[in-house]
Amino acid sequence: MSRCDEIAALTDDPGKIHRLYLSNAIRQTHDLLDQLARHAELSCRVDAAGNWIGRLPANQPTDRVLMIGSHLDTVPNAGKYDGLLGVLVGLAVAECVGSDRLPFHLDVVGLSEEEGVRFSKPYLGSAALAGRFDPAWFRRKDHQGITMREAITSFGLSPDRLTNARIDPNRVIGFIEPHIEQGPLLRRVDRAVGLVTAIAGQSRLLLRFSGVAGHAGTVPMPFRTDALVMASKWIDLVAQYATQREGLCATVGQLHVQPNVRNVIPGCVELSLDVRDAKDDRRRRAATDLIDMAIRVAREAGGDAEVIEHQQQPAATMDESLSNQLRAAITAVGCGAFDMTSGAGHDSAVLSDVFPTSMLFIRQPVGISHHPDEDVDASDVAIAIEVLHHFVTHFQDTT
Ligand code: HGY
Ligand code: MN
Ligand code: MN
């Protein structure tokens, strides 16, 4: 818990918690993790995608590896635990194993970019490990106009080596991601930890509403084609649509208004749409319906709406054998197992496509996340460490 506090102070935005992909705060976090991990006799490295990896070597020659970890980046004004806690739980498990060592390497992984804040592209670190990194992403720019290629280079890494970050799936016994729950369910069912069996899919879109900019004092109301008025009508419809469908979440979280001036009618609005559902067909249908609604609203107002970008992450199922062993470990430490679906996205959704992957959720007393009030009880974290220590020391490789 004190390590979480210490790393929370390593921020790109003084007074708030924010660790942006390949930023100074991330570098400081890597340095601190290096110190902690080396003290526990882990060997540390940062791969070409900026993932931090600390290895507790196996007790005998092998090239097989079990990975435990989560992401190190955060949303702006974040809490202390989303992502980071999973990395530090992994480190604590390696410390518990200590000199006993295991018949496989134990890699503690701090993934570099999960939230997608810097380049509007989530899961970069896990995509690199999975061999799914698309070189076209190098050209994406952050809000300062810095390309991903430039950011990687100025962090001291080599974009041309990025494909080397891929880990051969044949060497991977499994990836386990401990993570705070980010919701209220475990508190409601009174469980310290939960076993994630599936992760909801996501559609992340960028849409543009186009109208006509003009003078705020001279264009009479009936003659306006105000892009922000169109966007506002549609945002309300998005919320109504999702509210009427159980299991569906739809969020407009980002707006860029042009010219964004107080005395000019907005001529153009670009906005994000985030759609989630555990069922991919329902999510896809919702995205299509909401796009159609945007076009209709815009045309009725004399303007236009179009989709600029459409990213998707399908729903993911966790590995059955790993999950069964995690469930057995939860029971072995005296807790009741509880299976659940994750509404939040995680690197595990990407990794589950290539490695046996499973997730352990840790209860949150307030059930709030992506917010500075994010919290977790030390006693629940201790249980998660105990579960994973039991899991790694009793692990049966069935791959
Ligand atoms: O957006 C998400 O679900 C995650 O927290 N990255
Ligand atoms: Mn998050
Ligand atoms: Mn997270």
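Right, let's walk through the structure included here. This structure is a prediction, so every number in the text was calculated from the model and none was measured.

Between helix 3 (residues 84-97) and helix 11 (residues 378-393), the least distance of the axes is 9 Å, while the angle of their chain directions is 55 degrees. As summarised for this structure, helix 3 and helix 11 are arranged oblique, according to the angle between their axes. Remark: the crossing between helix 3 and helix 11 carries right-handed chirality. Between helix 3 and helix 11, the contacting residues are Leu-85, Val-89, Ala-92, Val-93, Cys-96 and Val-97 on the first element and Val-381, Ile-385, Leu-388, His-389 and Val-392 on the second. Its residues assigned to classes, the contact of helix 3 with helix 11 comprises ten nonpolar, one polar and no charged.

Turning next to the coordination of the manganese ion (ligand 2). Under perfect tetrahedral coordination by four donors, a metal shows angles of 109.5 degrees; under perfect octahedral coordination by six donors, it shows angles of 90 or 180 degrees. Of the protein atoms, only Asp-82 (OD), Glu-115 (OE) and His-370 (NE2) coordinate the manganese ion (ligand 2), at distances of 2.1 to 2.2 Å. Read in sequence order, the donor residues coordinating the manganese ion (ligand 2) give the pattern D-x32-E-x254-H. The manganese ion (ligand 3) is placed at 3.5 Å from the manganese ion (ligand 2), the two being bridged by Asp-82. Of this pair, Glu-115 sits in the loop between strand 4 (105-111) and helix 4 (124-129) while His-370 sits in the loop between strand 16 (357-362) and helix 11; the two residues are 255 residues apart in sequence, bridging distant segments of the chain. The exposure class assigned to Glu-115 is buried, which follows from its relative accessible area of 9%.

A few words on the environment of Tyr-241. With respect to the helices and strands, the residue Tyr-241 is situated in helix 7 (residues 227-243). Classification of Tyr-241 by relative accessible area gives buried; the value is 8%. Apart from residues lying up to four places away in sequence, Tyr-241 is in contact with Leu-248, Arg-285, Ala-286, Asp-289, Leu-290 and Met-293.

Moving on: the coordination of the manganese ion (ligand 3). The protein atoms that coordinate the manganese ion (ligand 3) are His-71 (NE2), Asp-82 (OD) and His-179 (NE2), at distances of 2.0 to 2.2 Å. Expressed as a motif, the donor residue spacing for the manganese ion (ligand 3) is H-x10-D-x96-H.

Now for the site of ligand 1. Around ligand 1, the neighbouring residues are Glu-114, Glu-115, Gln-202, Arg-204, Arg-276, Ala-344, Gly-345 and His-370. One of the side-chain nitrogen or oxygen atoms of Glu-115 is found 2.9 Å away from a nitrogen atom of ligand 1. The separation between an oxygen atom of ligand 1 and a polar side-chain atom of His-370 is 3.1 Å. Here ligand 1 has 210 Å² of accessible area as a free molecule, and 94% of this is covered by the chains. Each residue belonging to the shell around ligand 1 can be placed in one class, and the counts come to one nonpolar, three polar and four charged.

Core analysis: the biggest nonpolar cluster contains 70 residues, and Leu-85, Leu-106, Phe-391 and Val-392 have the highest contact counts within it. Ranked by residue count, the leading element in this core is helix 3, at ten residues. Residues contacting Phe-391, with those up to four places away along its chain left out, are Leu-66, Ile-176, Leu-322, Gln-325, Leu-326 and Ala-329. The next biggest cluster of nonpolar side chains, apart from the first, holds 27 residues, and it includes Leu-248, Leu-271, Ile-291 and Ala-298.

Right, let's get into the packing of helix 9 (residues 320-332) against helix 11. As a packed pair, helix 9 and helix 11 sit with axes 8 Å apart at the nearest point and diverge in direction by 125 degrees. Judged on the interaxial angle alone, helix 11 and helix 9 are oblique. Considering the relative orientation of helix 9 and helix 11, their crossing is right-handed. The residues of helix 11 that touch helix 9, namely those facing Leu-322, Gln-325, Leu-326, Ala-329, Ile-330 and Ala-332, are Val-387, Leu-388, His-390 and Phe-391. Of the residues that constitute the contact of helix 9 with helix 11, the class distribution is eight nonpolar, two polar and no charged.

The next thing to look at is helix 9. Along its 13 residues, helix 9 runs 18 Å from first to last C-alpha, staying within 8% of the 18 Å computed at 1.5 Å per residue. Of the positions making up helix 9, those classed as buried are Leu-322, Ser-323, Gln-325, Leu-326, Ala-329 and Ile-330. The arc enclosing the buried residues of helix 9, seen along the axis, measures out at 165 degrees, which places them on a common side. Taken together, the buried residues of helix 9 touch strand 5 (172-180), strand 6 (193-199), strand 16 and helix 11. For helix 9, the N-terminal cap is Asp-319; the gap from its side-chain oxygen to the backbone nitrogen of Ser-321 is 3.3 Å. A positive phi of about 90 degrees marks Gly-334, the residue just after helix 9.

Another aspect to go through is the pairing of strand 4. Most of strand 4 is tucked away, with seven of its seven residues classed as buried. Neither face of strand 4 is open: one carries His-105, Asp-107, Val-109 and Leu-111, the other Leu-106, Val-108 and Gly-110, and all of them are buried. As judged from the five bridges shared by strand 2 (residues 52-56) and strand 4, these two strands associate in the antiparallel manner. Opposite Trp-52, over in strand 4, you have Gly-110 as the bridge partner. Alignment of strand 3 (residues 65-71) against strand 4, held across seven bridges, turns out to be parallel. Following the sheet pairing, His-71 is matched in strand 4 by Leu-111. Viewed along the sheet, the connection from strand 3 through helix 3 into strand 4 turns out right-handed.

Criteria and thresholds
Residues numbered from 1 in each chain as written. Chains lettered and ligands numbered in written order. Predicted model: local features only at pLDDT ≥ 70, side-chain atom pairs only at ≥ 80, totals over all residues. Heavy atoms only, no water. Axes fitted to C-alpha atoms, helices over the stretch in contact; angles between N-to-C directions. Helix = DSSP H or I, 4+ residues; strand = E, 2+ residues; numbered from the N terminus. Parallel < 35°, antiparallel > 145°, perpendicular 65-115°, else oblique. Left-handed = near helix turned anticlockwise from the far one by under 90°. Contact = heavy atoms within 4.5 Å. Nonpolar A, V, L, I, M, F, W, Y, C, P; charged D, E, K, R; others polar. Donors = N, O, S within 2.8 Å, 3.2 Å for Na, K, Ca; no water. Buried < 20%, exposed > 50% of the residue type's maximum accessible area, 1.4 Å probe, protein only. Near = heavy atom within 4 Å. Polar contact = N/O pair within 3.5 Å; in protein donor to acceptor, adjacent residues only side chain to side chain. Areas by Shrake-Rupley, 256 points an atom, 1.4 Å probe, with all protein chains shown as cover. Core = buried A, V, L, I, M, F, W, Y, C linked by side-chain atoms within 4.5 Å. Expected span 1.5 Å × (residues − 1). Arc of directions from axis to C-beta. Pairing = 2+ DSSP bridges. Right-handed = clockwise from strand over helix to strand, strands pointing away.

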